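As a plain string of letters, each chain reads:
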2 protein chains.
Amino acid sequence: MADDHVQSSGRMQAYSDAIFSIVATIMILPVAHTEIPKDKNLREVIFYQLLPKILIYILSFFVVAISWSAHVWLFQIIRHADDVTTLLNLLIMMIITFLPFTFTLMGTFPEFVLAIVLFSVCIIVLGLVQALVVLHVFRNPQTMEESIRSSENMTAVRNALLLRVLVNAILCTFAAVFAPVTSVISYVFLVMILLSPNIAVQLSKLISKCSGGRFQMSQEVVRRGKSYEMEVNKERVECYSDGVFAIVATLIILDICEKDIPSRTALKYEYKNDLVAALDHDSSVFLAYFGTFATVGLLWYIHHSLYHHLKRTSRLMTMFNNFSLAMIGGMPLAFKLTSLYNDTDFYNNERVAIQLSCVIMFLASISQLAIFVTALFRPEQDLTDSVKVGGQSHYYLLVKLLVYPTVSITIYIISLTSDVLSVESFHVAQLGTPVLFFILWLIAVKIQVGFKPFRDINMMYNPIIQLLSVNCDFQAVCVTINNIYIQFMIYCN
Amino acid sequence: MADDHVQSSGRMQAYSDAIFSIVATIMILPVAHTEIPKDKNLREVIFYQLLPKILIYILSFFVVAISWSAHVWLFQIIRHADDVTTLLNLLIMMIITFLPFTFTLMGTFPEFVLAIVLFSVCIIVLGLVQALVVLHVFRNPQTMEESIRSSENMTAVRNALLLRVLVNAILCTFAAVFAPVTSVISYVFLVMILLSPNIAVQLSKLISKCSGGRFQMSQEVVRRGKSYEMEVNKERVECYSDGVFAIVATLIILDICEKDIPSRTALKYEYKNDLVAALDHDSSVFLAYFGTFATVGLLWYIHHSLYHHLKRTSRLMTMFNNFSLAMIGGMPLAFKLTSLYNDTDFYNNERVAIQLSCVIMFLASISQLAIFVTALFRPEQDLTDSVKVGGQSHYYLLVKLLVYPTVSITIYIISLTSDVLSVESFHVAQLGTPVLFFILWLIAVKIQVGFKPFRDINMMYNPIIQLLSVNCDFQAVCVTINNIYIQFMIYCN
């Protein structure tokens, strides 16, 4: 085979990342485009009309993210992609792009057999095509990564890979089979997709035990697979995240283009050809747009600063990142609700819209902080020197990560206790946040001296972190967040 | 200044590319979402209703592409981006994302002063922010590219850069000033934006001549600027193109999700709760979707194969690429029209829709071929060895590039001469094209021998190319395309 037809796989992966991220994010549109009557209680609308749709959005976001991470894992074995791999990857992308349709169908008609079967068939075909990629790559070892090619037991690696890409297909086969009987069991199998990486590992152990070594998926191979998955390629996480951030900003302007430009007839009869008056009627939309863009842009900026200082990313960090991205994907909904209500009403809907936006902003930003906290437990492997505890930029990054949680909590509390908050002032606050970051930059980079006295805190800070690292579980993470929060309060006074 | 706060600028550029490409592409939606009455003559609808919108789409696509190439040019001087540059870049992105709104407004109300002024103000602010970036970078030389920092005359480089980013702002100032007088002059200035790279070069010559050296923008500097622009960063072209390809595929499924899933009430009363019947009613949409995705995916695949073999890209090649991308952005329109008509009617609208799709496919693919032909004029600088005339993969790439022009012309001619063609068979043909590429791969890579006899053609092929290179102008390009076509006919027989 001519080596010339074998192309570096980087661009194919970047293209796949872009499609995955767009597909995951546009699933918010059925939620954001829900008709909301202006004269109803928004709190009730959220609970009865929006919440089921939001849950399906989050579920579908994670299913796409799981498929994406399986794709990352699969293509990490490929060093160069030949034409067949590229064409098979396009087929995978075709199926992925079709997923939003099956999701929307399932969201609208959850109890219909056809909806469940259609989704299942998509995932089964996806698994089969991925299996084809695995078989093709193992028949053409010159396209593989050096470390896999030089492995002693290539067949065992191949079997473990095949099992990994086929687990979702197996789960969906069960879901499709049970669909005519009862949809509840089907949904149990579908939700199990979220756990598929773990199921694959357990299953491979079981198979190699039961078959007595005939199907070789030895512990050694599984561990290799595991370690591959532990370190999700950082560049691909960045690429995927960039896609989500980019499409969110554009989805909002798309809505404005389609809905807030009056037609020529409306302009003639309603506004007497006065374009200024017609646009002024929707002026709150523009403030909402710029405010939302500022938030999305700055969350990207924080993400960028954080990932610049990460040396590698674990599965837990990628999970936090996916949750953060799912929340950022919810920003078009926040935009819609805050631009819908522009004067006080009986139900205080304006305040509820602001509160929902704050919840979204808080969850998105606190998950970013969680990534950093997770990395702090293994600073040697995960972080660059300058952001380790005691490092030159440690506090600067920490404060950056704390800005949005603090801002969103503050606004939320204000909205609970007082009536002064309007959507206008909320959007102005969103637009003002960049100034905070500029001031931070002035203090940290230009003046610098302001951050030095606080280095003494490390005397107490360091041992706490080390103590916590001993039992690194969820409780510990909570304690650390609390601890960091206390540090921040000391800082401020 | 701490060097630690300075981050590599790669990710910021990739994120910007994603936003630019999405913004350029979603401008097709006002065209694709135009209400088309099913019982009217499609040919008339295209000429009177769609054509003006299509022209505005192409104009806006190119304005965004020009802004993108100015962005590429500006950020090529930056090696590492500090926080201020990153925040200023986010501001640039905010303005870019707002452009679709001003475009749609201008498209709907072309004669209104406000529409012209709003667009102009956006471009003016864009220019000013870019000028701020230039000033900031030149005040912090450690963030600059080595080659610029070591230049003898940094002030002159800065002046040339400032002029380049401010030219569009100057043009738009004139457009805004003339808008209240007459909109025609304004539009002349706005169209001049498309020529702004050349205007900047001419203007800088003029200024340094007139000021007698006080404003130093010497020829040497201009040439430096020019050579920077001649070689548009290949990675960024790929990134931008990937964004367009990815968003086009997703825009189509977005439409299906919003329009072709029946509501619960419609299902109950119209289809008596029979979901299969409800979806079957729209079954032509799914065939159209898979057919269109196959086309977009394969055009990406050809683009990928082509750019893999390019060593650098000139401005002319980028222009062809932009035109190709603008046409690919038109695929959602082709999808909409071909899925609208699913049975024969009085006006033969079905055939017109197929013909329009063929025109779009032909223009998109022939521009890709034009990139390769342009590169053939300077093979030493532009191409890798294997695709030069006589190289191992030359014919393989050439045939790949010729598949879509040939297929679309063939379908167009069939649709002119016979009645057998329906949209169904058109979409089946689209879905069948991947098989062609697979057969090509079998011949070229697996069998190989099939391509060897044709190497003798190089005896006559080579001198023709060399002869043409002497006067490399538009006519020569045409002759070469014709020549390649003749080669292809020899090939086939």
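Given the structure is predicted, the values throughout are model-derived calculations rather than measurements. (Residues numbered from 1 in each chain as written. Chains lettered and ligands numbered in written order. Predicted model: local features only at pLDDT ≥ 70, side-chain atom pairs only at ≥ 80, totals over all residues. Heavy atoms only, no water.)

Enquirer: Would you mind showing me how to read the overall build of chain A here?
Expert: The helix and strand inventory of chain A stands at 22 helices and 2 strands. The 493 residues of chain A split such that 59% are buried. Here chain A displays about 19,600 Å² of accessible surface, and carbon together with sulfur accounts for 65% of that area. (Helix = DSSP H or I, 4+ residues; strand = E, 2+ residues; numbered from the N terminus. Buried < 20%, exposed > 50% of the residue type's maximum accessible area, 1.4 Å probe, protein only. Areas by Shrake-Rupley, 256 points an atom, 1.4 Å probe, with all protein chains shown as cover.)

Enquirer: Sorry, what's going on with the packing of helix α3 (residues 42–75) of chain A against helix α4 (residues 83–108) of chain A here?
Expert: The relative placement of two packed helices comes down to the angle between their axes together with the axis-to-axis distance. Residues and elements named next belong to chain A. Here α3 crosses α4 at 170°, and the two axes come no closer than 10 Å. Between α3 and α4, the crossing angle belongs to the class labelled roughly antiparallel. Two packed elements cross with a definite hand, and for α3 against α4 that hand is right-handed. In this structure, α3 uses Ile56, Ser60, Val63, Val64, Ser67, His71 and Phe75 to contact α4, whose residues at the interface are Thr85, Asn89, Ile92, Met93, Ile96, Phe103 and Gly107. (Axes fitted to C-alpha atoms, helices over the stretch in contact; angles between N-to-C directions. Parallel < 35°, antiparallel > 145°, perpendicular 65-115°, else oblique. Left-handed = near helix turned anticlockwise from the far one by under 90°. Contact = heavy atoms within 4.5 Å.)

Enquirer: Is there a simple way to think about the environment of Val45 of chain B in this case?
Expert: All names here are of chain B. Note on placement: Val45 falls in helix α3 (residues 42–75). Taking the C-alpha atoms as reference points, Val45 and Gln142, separated by 97 residues in sequence, lie 57 Å from one another. Those residues in contact with Val45 that lie beyond four places of it in its chain are Ile36, Lys40 and Leu50.

Enquirer: So what exactly am I meant to see when it comes to the interface of chain A and chain B here?
Expert: One frequent convention defines the size of an interface as the accessible area lost when the parts assemble. Taken together, the contact pairs 88 residues of chain A with 88 residues of chain B. Of the roughly 8,000 Å² buried at the junction of chain A and chain B (both faces included), carbon and sulfur atoms supply 73%. For the pair chain A and chain B, the interface holds 4 salt bridges. Among the ionic pairs, Arg11 of chain B bridges to Asp242 of chain A, the shortest N-O distance being 2.8 Å. One can count 8 residue pairs in polar contact (both at pLDDT 80 or more) joining chain A with chain B. When its residues are assigned to classes, the side of chain A that touches chain B shows 55 nonpolar, 23 polar and 10 charged. (Buried area = accessible area lost by both parts, 1.4 Å probe. Salt bridge = Lys/Arg side-chain N within 4 Å of Asp/Glu carboxyl O. Polar contact = N/O pair within 3.5 Å; in protein donor to acceptor, adjacent residues only side chain to side chain. Nonpolar A, V, L, I, M, F, W, Y, C, P; charged D, E, K, R; others polar.)

Enquirer: Looking at this model, I keep getting lost on the environment of Leu325 of chain A. Mind explaining?
Expert: Residue and element names in this part refer to chain A. Within the fold, Leu325 resides in helix α15 (residues 315–328). Once the C-alpha coordinates of Leu325 and Val248 are considered, the two residues, 77 residues apart in sequence, prove to be 10.0 Å apart. Here Leu325 is in contact with Tyr57, Phe61, Tyr240, Ser241, Val244 and Phe245, once residues within four sequence places are set aside.

Enquirer: Please clarify how the side chain of Glu238 of chain A should be interpreted in this entry.
Expert: In this structure, Glu238 of chain A sits in helix α11 (residues 234–259). The side chain of Glu238 of chain A is buried and forms no salt bridge, while Lys234 of chain A, the nearest opposite charge, is found at 4.1 Å. Aside from chain neighbours lying at most four places away, what touches Glu238 of chain A is Tyr307 of chain A together with Arg11 of chain B. (Lys, Arg positive; Asp, Glu negative; His and termini not counted.)

Enquirer: Even after reading the chapter, I still don't get the packing of aromatic side chains, so can you show me in this structure?
Expert: The description of an aromatic ring pair uses the distance of the two centres, along with the angle that the planes make with each other. One pass over the structure, following the stated rule, counts 34 aromatic pairs over all chains. Ring centres 4.9 Å apart and planes at 65° place the aromatic pair Phe101 of chain A and Phe286 of chain B in the edge-to-face group. On the criterion of chain membership, the pair formed by Phe101 of chain A in helix α4 and Phe286 of chain B in helix α14 (residues 283–308) is interchain, its members lying in two chains. No difference in accessibility class separates Phe101 of chain A from Phe286 of chain B, as the two residues are buried. With a centroid separation of 4.4 Å and 20° between ring planes, the pair formed by Trp68 of chain B and Tyr240 of chain B is classed as stacked. In this pair, Trp68 of chain B sits in helix α3 while Tyr240 of chain B sits in helix α11 (residues 234–259), placing the two residues 172 residues apart along the sequence. Taken together, the ring pairs in this structure connect Phe98 and Phe101 of chain A together with Phe286, Tyr289, Phe290 and Phe293 of chain B into an aromatic cluster. For the cation-ring pair, Arg164 of chain A lies above Trp73 of chain A, with the distance from its terminal atom to the ring centre recorded as 5.1 Å. We note Lys400 of chain B situated over the ring of Tyr396 of chain B; from NZ or CZ to the ring centre the distance is 4.5 Å. (Phe/Tyr/Trp six-rings, centres within 6.5 Å; stacked < 30°, edge-to-face > 60°. Lys NZ or Arg CZ within 6 Å of the ring centre and 35° of its normal.)

Enquirer: Could you clarify how one ought to interpret the packing of helix α14 (residues 283–308) of chain A against helix α19 (residues 394–417) of chain A in this entry?
Expert: Residue and element names in this part refer to chain A. Here α14 crosses α19 at 150°, and the two axes come no closer than 10 Å. By the angle between their axes, α14 is roughly antiparallel relative to α19. As for how α14 packs across α19, the hand of that crossing is left-handed. Here Ala294, Thr295, Leu298, Leu299, Tyr301, Ile302, Ser305 and Leu306 of α14 lie close against α19, whose contacting residues are Tyr396, Leu397, Lys400, Leu401 and Tyr404. Split by residue class, the contact of α14 with α19 holds 10 nonpolar, 2 polar and 1 charged.

Enquirer: Can you walk me through α19 of chain A in this structure?
Expert: Note on helix geometry: an α-helix contains 3.6 residues per turn, so any two residues three or four positions apart are oriented the same way. Taking 1.5 Å per residue, 24 residues should reach 34 Å; α19 of chain A reaches 35 Å between its end C-alpha atoms and fits that length. Within α19 of chain A, the axis deviates most sharply at Leu402 of chain A, by approximately 30°, and proline Pro405 of chain A lies no more than four positions further along. (Expected span 1.5 Å × (residues − 1). Bend = angle between axes of the 7 residues up to and from the residue.)

Enquirer: Explain the relation of the copies chain A and chain B to me, please; I cannot follow it from the model alone.
Expert: Two chain copies, one operation linking them: a rotation about an axis together with a shift along it. Overlay of chain A on chain B (RMSD 0.0 Å): rotation 180°, translation along the axis 0.0 Å. The symmetry that links the two subunits is that of a two-fold axis. Comparing contact sets, 100% of the residues at the interface of chain A also lie at the interface in chain B, consistent with an isologous, same-surface contact. (Least-squares fit on C-alpha atoms with pLDDT ≥ 70 in both.)

Enquirer: Would you mind going over the pattern of salt bridges with me for this structure?
Expert: It is possible for side chains of opposite charge to pair when their charged atoms get near one another. Under the definition given, this model contains 14 salt bridges over all chains. A salt bridge links Arg312 of chain B to Asp382 of chain B; its shortest N-O distance comes to 3.1 Å. With Arg312 of chain B in the loop between α14 and α15 (315–328) and Asp382 of chain B in helix α18 (residues 379–382), this residue pair connects regions lying 70 residues apart in the sequence. Taken together, the shared-partner salt bridges in this structure form one network comprising Arg312, Arg378 and Asp382 of chain A.

Enquirer: Hey, could you run me through empty space enclosed by the protein in this one?
Expert: Rolling a probe over the atoms, with the probe sized like a water molecule, indicates the empty space that remains. This model, assessed by the stated rule, comprises 16 cavities of 30 Å³ or more. The computed volume of the largest cavity comes to approximately 210 Å³. Considering the residues around the largest cavity, the lining is formed by 14 residues, among which Ala14, Ala18 and Cys239 of chain A together with Ala14 and Ala18 of chain B are closest to the centre. If you list the elements that add at least two residues to the lining of the largest cavity, you get α1 (10–26) and α11 of chain A together with α1 (10–26) and α11 of chain B. A breakdown of the residues in the lining of the largest cavity according to their chemical character gives 9 nonpolar, 3 polar and 2 charged. (1 Å grid on protein atoms, 1.4 Å probe; cavity = no way out; pocket = protein on both sides within 12 Å on 5 of 7 lines; lining within 4 Å. Points joined across faces, edges and corners; volume = space filled by probe spheres on them.)

Enquirer: I would appreciate a short explanation of the confidence of the model for chain A in the present structure.
Expert: Interpretation of this model should avoid reading the predicted coordinates in detail wherever pLDDT is low. All names here are of chain A. Taken over all residues, the pLDDT of chain A has a mean of 81, while the share at 70 or more is 83%. When the criterion is pLDDT under 50, residues 218–230 qualifies, and its contacts beyond four places in sequence or with other chains add up to 22 contacts. Counting contacts from residues 468–475, a segment whose pLDDT is below 50, to residues more than four positions away or on other chains yields 7 contacts. (pLDDT = per-residue confidence, 0-100.)

Enquirer: Could you clarify how one ought to interpret a nonpolar patch on the surface in this entry?
Expert: All names here are of chain A. Where nonpolar side chains cluster on the molecular surface, the patch consists of Val435, Phe438, Ile439, Leu442 and Ile443 and spans about 380 Å² of accessible area. Relative to the elements of secondary structure, Phe438 occurs in helix α20 (residues 423–447). Take Phe438: its relative accessible area is 37%, and that puts it in the partly exposed class. (Patch = residues over 30% accessible without salt bridge, like charges linked within 9 Å, V, L, I, M, F, W, Y side chains within 5 Å.)

Enquirer: Looking at this structure, I do not really get the environment of Leu398 of chain B. What am I missing?
Expert: Within the secondary structure layout, Leu398 of chain B lies in helix α19 (residues 394–417). For Leu398 of chain B, a relative accessible area of 3% gives the class buried.

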